[in-house]
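# Fold and geometry: a report
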Amino acid sequence: MIRFEHVSITYTDHTQPTLRDINLQLDEGELVLVVGRTGSGKTTLLQAINGLVPHFTGGTLSGRVLIDGRDTRTHPPRDLADLVGVVPQDPASAFVADTVEEELAFGMECLGLSSDVMRRRVEETLDLLGLNELRYRPVMSLSAGQQQRVAIGAVLTSHPKVLVLDEPTSALDPAAAEEILSALQRLVHDLGITVVMAEHRLERVIQYADRVIIVPGDAQPLVIGTPQEMMREAPIAPPVVELGRIAGWNPLPLSVRDARRVAGPLRALLIGQDPPQRVNSHGDSTAELVQAQNLTIRYGQHVALKDVSLQVHSGEVIALMGRNGAGKSTLLNAIVGLRAATAGTVTTQGADPRSLKGTDLLARVGLVPQTPGDLLEATSVAAECRAADRDAKVDPGTTRELLTSLASEIGDDTHPRDLSEGQRLLLALAIVLAAQPPVLLLDEPTRGLDYPTKIRLVDVLRNLAQAGHAIILATHDVELAAGVATRVVVLADGEVVADGETAAVVVASPMFAPQIAKILAPYPWLTVSDVVNSIGPVILRSHAPTSGEAFT
Amino acid sequence: MKAALACGNLAHARWLHPGAWWVWALGLAAAASRTLNPILLVLIIAVAAVVVAARKPDAPWARSFVFFIKLGIAIIVIRVGIQILFAAALGTTTLFTLPSLALPSWMAGVRLGGAVTLESILIAFYDGLRLATIIICIGAANSLASPSRLLKSIPAALYEVGVSVVVALTFTPQLVADVTRVQSARHLRGRVTKGPRAIAGAAMPVLEGALERSVTLAAAMDSRGYGRRNANSAAQQRLAAVLLIGGLMCACFGTYGLVAAGSPWLLSTPMLAVGLLASLIAITWSAKSAIRSRYRPDPWWLPEWLISLSGVFAAGTFLIATWLVPLQMTTPSDPPTWPALPILAVLGLAIALTPAFIAPPLPRVFIALPRAVSAEIEVAA
């Protein structure tokens, strides 16, 4: 279906090719997962499939890419539209029409299908993706998960044989991600569509993949294999695989279900063990830094927050979880003074954040927004750091020092736009930290981050908490919450529905439990390192079932 | 035709073809242009308002009718104000006298202030009211017919222009959201969020964001097949577009000539004919060479015929009435007289009111302003 023959791609002002001498053959009905660090060339590989590279991005492509026999050198993307459907990273950015139904029809109109065919396919797609309720809704009024489904539906109506998705679940809450993935699986199984998908959140997708392509970056050759083979060696792996590797399980489980079936002996080891405590690392001298009292925020008819009360102490790391649109961002924005309370109060260190300006605000509370790039407006990293020093009225060089401690590899002359997603996040974090705010808020910090950057972020956050900062993360990433949070607050429809110690909240929840907790339930162990700390790797391994027993 | 009548069940909920609303509204506007009788003009506004109230969908673009009413009032006020201040008094019924200003001789004919008569105010009022009525009729079409559905109905030759307009329409709310996002970011960095410096600081990121989005959108549209065409039809398409735009302009001038009193109909009639012919050729031509098809095009069934004809009928009765009873249609203001009520014109308006009852009811829609956007607007306010 998809064939790459000696493909090398070099962008215009790059000296080195981004991809070199790629040979690849993907068959019909395969679900292929593309993984790799940000900037490794994943997106380039995906875009080469429908000819966006090089027709749209520029650069040179040598060798050839064949899609069902059509050569992308002679077929620009529009001539492959009936074969390849592409869903970009931010689906909202690709919407053309204003309502769901018209959006679904747009591609077919361009292909010139007859109106009864179009009508039938729109209805089928509405059903296939569960969009019927939304058919007359304006696309911009939908939630992120709904938009993602509409974007997938919009390319499916053209009946492509190949579906290319760039991080389809990165912006979604666990439930919405689950919905998207099961829809994709249905497409692969029922319609035989070839799906090529890039995704950082391996724990969500690895179990669905037929093959995995690792893009190592720096024009190194691709590594291709089945998930089982790849996960045995891969430097990055979801928690279930890590646990399997340490415990020596064979075959290596990729899903919670498989792991749970072989984890009986491991669970037996945990009986009577003290579950790990995630204590406030700052010790006992905790001060109350943020206080929300019966906070209600309304936008017109829509109530974003209802009667929320919350106290945050120094040294705490709070994971704020809940569906897309549950009010997480609104709460963060209220704490930093971007949103006025309709009723109730919110104070940070005794002051109303709405009344604070300039350094008074910066020295109390800082927020790294969902798109950290919003904070950056200078033309080089050095200029950005100098501006941050000025804004915070601190000694020149403070921000650069902070940045060096977070990410020393970021050069002074780089344009912030050329940084990777993760580097941009760390730069924004350094800027916010320049004024030393005791309260640090992060909105979806791991969106689009690869594993190594995520590990680095977890380290940074732990250190900050140890130094006495109070941290609130709004996140969909259950593994991040399990790894770093001391407390979890779950919002639903603007109300606090759960608030407590991390293990107590997440273990019981099917939605917010991390993989390890699901495998070891009812025992409240959340991460691989917790398990290793409790029993030690050696004992773990000695209780591994032999491969014969594993699936009987 | 039989099928069309069968499917044109009046009670069946659906969107009316936007073209039908425009024909109806333009018919009313044409009727308004034929009269200076204030009662008739007010009746036309009332007809437009009743129909809008009955068949206006709950969508952002449909909320513009009130704006057009306000615009109409402003037009009347300005027109009367200019008359009072600048124009020479007509008639003899002096209401009050403003202090007048002597102007140099080379500005003879223009005066400032002086006596204000009832007659001149009435003339200005009728004139302003007529223009306001025409504007309000356009406003009615604007809030009854969805702009994006109208764009869907435009001929294939103008398809590309249409898509650009649709995309521009969806960009505006995103731009508003962008501005608020950048303002929030400035707040987070402890910078000023109001005043000229803030605007200067925000302009760059907002523009960059818009540019980046257009590139992404262009790539996405290309990936979905936008711009596919037959191998050798690109030049043909361009020619068809030129022919269509030229033809439509010709037709517009021709129509204006026919409607405006005092222009030679010998010139305007052929112009209209040539314009229409050119447009027709362009439309059939481009329909043949275009690959693209339309999803659920709005049908033109019985209700469309009835509604557009009701507007045309109103215009027709006014035209005939000006010919039969010219004095009743113009309400002489010197000396001031009570306006008459020409039965024929009123009958025409009664027919033009029927769409309020016979237009198919709207489908149940869930249209509301996007939550994020409305929230942003509120915050900005």
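That block above? That's the structure.
Report on the accompanying structure.

The rules behind each value
All residue numbers refer to positions counted from 1 along the written sequence of the respective chain. For this description, chains carry letters from A and ligands carry numbers from 1, given in the order in which they are written. This being a predicted model, a pLDDT of at least 70 is required before a residue's local features are given, and a value of 80 or more before pairs of side-chain atoms are given or counted; all residues contribute to the totals for chains, interfaces and linings. Numbered from the N terminus, helices here are DSSP runs of H or I no shorter than four residues, and strands are runs of E no shorter than two. DSSP-based pairing: two strands are paired if at least 2 bridges between them are found. To sort residues by exposure, count the other C-beta atoms lying within 10 Å of each residue's C-beta; 20 or more gives buried, 12 or fewer gives exposed, and values between give partly exposed, all with C-beta atoms placed from the backbone. Distance between backbone-placed C-beta atoms decides contact: two residues are in contact if it is within 7 Å. Under the scheme applied here, ten amino acids are nonpolar (Ala, Val, Leu, Ile, Met, Phe, Trp, Tyr, Cys and Pro), four are charged (Asp, Glu, Lys and Arg), and all others, including Gly, are polar. To define axes, lines are fitted to C-alpha atoms, for helices over the stretch in contact only, and angles between the resulting N-to-C directions are given on a 0 to 180 degree scale. Every angle not falling under 35 degrees, over 145, or within 65 to 115 is termed oblique; those three ranges are roughly parallel, roughly antiparallel and roughly perpendicular. Note on convention: near helix rotated counterclockwise from far helix by under a right angle means a left-handed crossing. Clockwise means right-handed.

It is worth spelling out the environment of A:Asp79 at this point. Counting through the fold element by element, A:Asp79 comes out in the loop between strand 5 (70-71) and strand 6 (84-87). Taking the C-alpha atoms as reference, A:Asp79 lies 9.1 Å from A:Asn50; in sequence the two are 29 residues apart.

Okay, unusual backbone geometry next. All names here are of chain A. In this structure, the amide linkage connecting Val53 to the following residue, Pro54, adopts the cis form with an omega of 0°. By the secondary structure assignment, Pro54 is in helix 2 (residues 52-55). Following Asn250, the chain continues to Pro251 via a peptide bond in cis, the omega torsion being 0°. If you trace the backbone, Pro251 turns up in the loop between helix 9 (239-247) and helix 10 (256-262). The backbone of Asp68 shows a phi angle near 50°, a positive value even though the residue is not glycine. As for its position among the elements, Asp68 is in the loop between strand 4 (60-67) and strand 5. Not every positive phi belongs to a glycine, and His159 is a case in point at roughly 50°. When you line up the elements, His159 lands in the loop between helix 5 (144-156) and strand 7 (162-166).

Looking now at the pairing of strand 12 (residues 302-313) of chain A. Residue and element names in this part refer to chain A. Across 8 bridges, strand 11 (residues 288-299) lies against strand 12 in antiparallel orientation. Within strand 12, the residue paired with Gln291 across the bridge is Gln311. Taking the residues between adjacent antiparallel strands as the criterion, strand 11 and strand 12 are bridged by 2 residues, where Gly300 takes a positive phi near 60°.

Here we come to helix 9 of chain A. Residues and elements named next belong to chain A. Burial of helix 9 is extensive: 7 of the 9 residues sit out of reach of the surface. Among the residues of helix 9, Pro239, Val240, Val241, Glu242, Leu243, Gly244 and Ala247 are the ones counted as buried. Looking one or two places after helix 9, you find Gly248, whose phi comes out positive at around 70°.

The next thing to look at is the interface of chain B and chain A. Between chain B and chain A, the contact holds 45 residues from the first and 50 residues from the second. Listing elements by their share of the side of chain B that touches chain A, those giving two or more residues are helix 7 (159-188), helix 8 (196-223) and helix 15 (371-380) of chain B. Per-element accounting of the side of chain B that touches chain A gives the leading share, 11 residues, to helix 8 of chain B. Taken together, the residues that form the side of chain B that touches chain A break down as 21 nonpolar, 12 polar and 12 charged.

Glancing now at the environment of A:Pro353. Residues and elements named next belong to chain A. Among the secondary structure elements, Pro353 is positioned in the loop between strand 14 (343-348) and helix 13 (358-362). Of the residues examined, Pro353 has 24 C-beta atoms within 10 Å and is grouped as buried. For the pair Pro353 and Ser509, spaced 156 residues apart in the sequence, the C-alpha separation amounts to 33 Å. Not counting residues within four places of it along the chain, the set of residues in contact with Pro353 comprises Ile335, Val336, Gly337, Val346, Thr348, Leu361 and Val365.

As a further point, take the packing of helix 15 (residues 398-406) of chain A against helix 16 (residues 421-433) of chain A. In helix packing, the relevant descriptors are the interaxial angle and the interaxial distance, both defined with respect to the helix axes. Residue and element names in this part refer to chain A. At a minimum axis distance of 9 Å, the contact between helix 15 and helix 16 shows a crossing angle of 140°. When the interaxial angle is binned, helix 15 and helix 16 end up oblique. The two elements helix 15 and helix 16 meet at a crossing, and its hand is right-handed. Between helix 15 and helix 16, the contacting residues are Thr399, Leu402, Leu403 and Leu406 on the first element and Leu426, Leu427, Leu429, Ala430, Ile431 and Leu433 on the second. In terms of residue class, the contact of helix 15 with helix 16 is made up of 9 nonpolar, 1 polar and no charged.

Residue and element names in this part refer to chain B. In contact at an axis separation of 9 Å, helix 3 (residues 38-55) and helix 13 (residues 343-353) are set at 10° when each is read in the N-to-C sense. When the axis of helix 3 is compared with that of helix 13, the two are roughly parallel. Contact residues: helix 3 offers Leu40, Leu43, Ile44, Val47, Val50 and Val51, while helix 13 offers Ala345, Leu349, Ala352 and Leu353. Of the residues belonging to the contact of helix 3 with helix 13, the class tally is 10 nonpolar, no polar and no charged.

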